[in-house]
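Understanding the architecture of this molecule
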Amino acid sequence: MKKQVNEYAESRSDQKPHHALRWLLFSSMVLSLLITWMVVLKMENLVEAALSLRPKAHLNATAARIGLDKLDETFVNTQKQNEEAQKKLLAYVPDQNYLIVNTVGNNFRLMNKNQMVREGICSTGSYTVLKVDDKKQWTFKTPRGMFKVLNKVKDPVWKKPDWAFIEEGLKVPSANHPSRFEYGSLGDYALYLGQGYLIHGTLYKRYLGMPVTHGCVRMGDEDLEAVFKAMKIGSKVYIY
Amino acid sequence: MNKNNQFRSDDSGEEISPATSGSLTGLKIFLQYFLRPKTFVLFMVVALLLPILLIVYSIIIPVGRYQAVPWSGLQTDSLQAEVKLSREEKQLVASFIELEKEKIFLNNRLQLAKQDSIYLVLDMKDSTINLEIKGVVVRKNRIIESRMSNRFDLIDHENLIPWLKKPFTLEKALATIPKAPIVVVQAPKDTIEAALQAKKPEPPQTTAVFFTFYFDRNLVLEIDQIDPPDEEDYEQIKDYRRQRKLENHLTFWQKINLVRHADQKMKIRLVVSEDDARSIYRAVPMNTHLILRW
């Protein structure tokens, strides 16, 4: 039996040079294509790795542009220019108190120069789109950018706009109809930012910290009082 | 048992057919043949020739000759300056370059401070990415991890000046979250319908935030949250990564000519907290600007 196996093996080994070489070339080519494909797939990483081995940028061209003899002078001049630019930038920070409102996290910071005076939660626009028809709709979002306090009012009265009635399924009354005027719902104070947007109080304190308003900024009673006292007419409000 | 077809191996006592025995012997012969030094060398040469040629053609030669220019649209002068610098002069020129970069950074901030829009200030030196409005930092975001493309280090300062001279403008963004969480509500017809529509407000979202900003002049900013995402966000993240892959897709020829291609992405990858990532993505407008310093 063993003899038979050996005979079989010998018969196979007669074909060795052709078969084995063919298999060797085939398997090496397959491997070659696989490695090539891996290289192509990882080309960006390999290029990044190769770039890290290159020496860093030369200084010669910059030295030639300035001129080595003028380097000290140019250095001092640039330093002065930077100091001036820094001063100009600092002048953009308000001298008086200012407010920063975060509409993403629904919180605020009352600032003086670069120091935080007070921070707390607030409510900003809900991003709800109230759609009446294709032509008429309102988006309840708090506008972003820099605003100024245009007016400060104690015990404000809310003159309800059209959407306040439509939202409740009511008929929209005439412009100065008594039903438009609501007392107490804006809290004790209001700071006017223009275009109908206000910073005011709320009856729904449990919703503070959530995006629930129609675009105004709502605050809790104590925070609102502090902000009202700290901010003057003309003070800046940054909303992002 | 048919003795012509059935054999018994001496070692294991397991019954094997002539075919199995033959292929095992064939494999043994092949391995013996393969492990001969000459044959092995031949195998390795054939297997590695193509990848090595590709690496030499696509990486070694072009990287060696690479003239780092961040954007093909730049007007760059010839940088063949023959100036020999002493060690002290090199240090002085290097500090001047830093000063000039600072000047560009400050001038860009001054330029954007005059505009009304919210913009980003990416300061790799301070490891911060800040939101600014009219020159006032409204939110400081700490960078937890960062990685910049090695190309940044290779660009000559003279080529860098025109690239950095004005703020970058956002052209496209991909993200796992919508820009604004808009909910459309149809106006109720009467008070009964309004009462039915009234619902409790939902707490702020906590979904995973991963996004990529594509700016002009080849600058790409990838921002990932550090916090591990919830399982329910995996699909969203997978979709975002697929979109990003499509956006960055290169053909085979583009890949093998990657370094030779004039316009290459200048990538910066940042890792920040989920809260910071969400604030950055939601706060900036779609045509926002970015100022860069490193």
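Keep in mind the model is a prediction, meaning the values are calculated, not measured. (Residues numbered from 1 in each chain as written. Chains lettered and ligands numbered in written order. Predicted model: local features only at pLDDT ≥ 70, side-chain atom pairs only at ≥ 80, totals over all residues. Heavy atoms only, no water.)

**Considering the overall build of chain B**
- Broken down by element type, chain B carries nine helices and twelve strands.
- Burial analysis of chain B (294 residues in total) assigns 45% to the buried set.
- Partitioning the contacts of chain B with sequence separation of at least 6, the portion at a separation of at least 24 is 74%.
- As presented, chain B carries roughly 16300 Å² of accessible surface, and 54% of it is formed by carbon and sulfur atoms. (Helix = DSSP H or I, 4+ residues; strand = E, 2+ residues; numbered from the N terminus. Buried < 20%, exposed > 50% of the residue type's maximum accessible area, 1.4 Å probe, protein only. Contact = heavy atoms within 4.5 Å. Areas by Shrake-Rupley, 256 points an atom, 1.4 Å probe, with all protein chains shown as cover.)

**Structural notes on the overall build of chain A**
- Each helix and strand in chain A was counted, giving seven helices and 13 strands.
- Over its C-alpha atoms chain A spans a radius of gyration of 37 Å, topping by over 25% the 18 Å that the globule rule assigns to 240 residues.
- In terms of overall dimensions, chain A has C-alpha extents of about 115 × 70 × 35 Å along its principal axes.
- Taking all 240 residues of chain A together, 42% fall into the buried category.
- Within chain A, residue pairs in contact and separated by at least 24 positions form 57% of the contacts whose partners lie at least 6 positions apart.
- When the accessible surface of chain A is split by element, carbon and sulfur atoms take 54% of a total near 13700 Å².
- Of note, chain A has its 34 positive side-chain charges centred 2 Å away from the centre of its 24 negative side-chain charges. (Rg over C-alpha atoms; globule rule 2.2 N^0.38 Å. Lys, Arg positive; Asp, Glu negative; His and termini not counted. Charge placed at Lys NZ, Arg CZ, Asp CG, Glu CD.)

**Side note on the confidence of the model for chain B**
Residues and elements named next belong to chain B.
- With 86% of its residues at a pLDDT of 70 or more, chain B has an overall mean of 85.
- Throughout residues 1-14 the model reports pLDDT below 50, and contacts reaching past four residues in sequence, or to other chains, amount to 20 contacts.
- Under the prediction, the complex receives an ipTM of 0.83, its pTM being 0.82. (pLDDT = per-residue confidence, 0-100.)

**Regarding the side chain of T78 of chain A**
- Residue placement: T78 of chain A occurs in helix α5 (residues 71-90).
- At a separation of 2.6 Å, a polar atom in the side chain of T78 of chain A contacts the main-chain carbonyl oxygen of T74 of chain A.
- Once you skip the residues sitting within four places of it in the chain, T78 of chain A turns out to touch F96, L99, E100 and K103 of chain B. (Polar contact = N/O pair within 3.5 Å; in protein donor to acceptor, adjacent residues only side chain to side chain.)

**Side note on the pairing of strand β7 (residues 168-175) of chain B**
Residues and elements named next belong to chain B.
- Of the pairings in the sheet, the one linking β7 to strand β12 (residues 289-293) comprises two bridges and is antiparallel in character. In the strand pairing of β12, T169 is matched with H289.
- Bridge count between β7 and strand β9 (residues 210-215): five bridges; the pairing is antiparallel. Within β9, the residue paired with K172 across the bridge is Y214. (Pairing = 2+ DSSP bridges.)

**With respect to the pattern of salt bridges**
- In this structure the tally under the stated criterion is 25 salt bridges over all chains.
- Between D162 of chain A and R180 of chain A there is a salt bridge, with its nearest N and O atoms 2.6 Å apart. Of this pair, D162 of chain A sits in helix α6 (residues 162-167) while R180 of chain A sits in the loop between α6 and β9 (181-183), and the two are 18 residues apart along the sequence.
- A network of salt bridges, in which partner residues are shared, links R65 of chain A together with E100 and E158 of chain B. (Salt bridge = Lys/Arg side-chain N within 4 Å of Asp/Glu carboxyl O.)

**Regarding the packing of α5 of chain A against helix α3 (residues 87-113) of chain B**
- Packing of α5 of chain A against α3 of chain B brings their axes to within 9 Å, and their N-to-C directions diverge by 25 degrees. Taken together, α5 of chain A and α3 of chain B sit at an angle that is classed as roughly parallel. Regarding α5 of chain A and α3 of chain B, the two cross each other, and that crossing is left-handed. Each of L71, D72, T74, F75, T78, Q79, Q81, N82, A85, Q86, K88 and L89 of chain A in α5 of chain A lies in contact with α3 of chain B, whose residues at this interface are L92, V93, S95, F96, L99, E100, E102, K103, L106, N107, R109 and L110 of chain B.
- Residue composition of the contact of α5 of chain A with α3 of chain B, by class: ten nonpolar, eight polar and six charged. (Axes fitted to C-alpha atoms, helices over the stretch in contact; angles between N-to-C directions. Parallel < 35°, antiparallel > 145°, perpendicular 65-115°, else oblique. Left-handed = near helix turned anticlockwise from the far one by under 90°. Nonpolar A, V, L, I, M, F, W, Y, C, P; charged D, E, K, R; others polar.)

**A short note on the environment of R65 of chain A**
- Inspection of the secondary structure puts R65 of chain A in helix α4 (residues 60-66).
- You can call R65 of chain A partly exposed: its relative accessible area is 41%.
- Excluding residues that lie within four positions of it along the chain, R65 of chain A makes contacts with F96, E100, H157, E158 and I161 of chain B.

**Remarks on the sheet that holds strand β11 (residues 266-272) of chain B**
Residues and elements named next belong to chain B.
- Taken in spatial order, the nine strands of this open sheet run β5-β4-β3-β12-β7-β9-β10-β11-β6, and their pairing is mixed. Every interior strand has two partners, whereas the edge strands, β5 (136-142) and β6 (145-148), have only one. When strand polarity is set aside, the average angle formed by the axes of neighbouring strands in this sheet is 25 degrees.
- Sheet topology note: the strand β4 (residues 128-133)/β5 ladder contains six bridges and is antiparallel. Across the sheet, the residue bridging to L131 is R139, located in β5.
- Across the face of the sheet, α3 comes into contact with β3 (118-123), β4, β5 and β12 while running at roughly 160 degrees to β12.
- In the packing of helix α7 (residues 234-247) onto the sheet, contacts are made with β7, β9 and β10 (219-225), and the angle to β9 comes to roughly 20 degrees.

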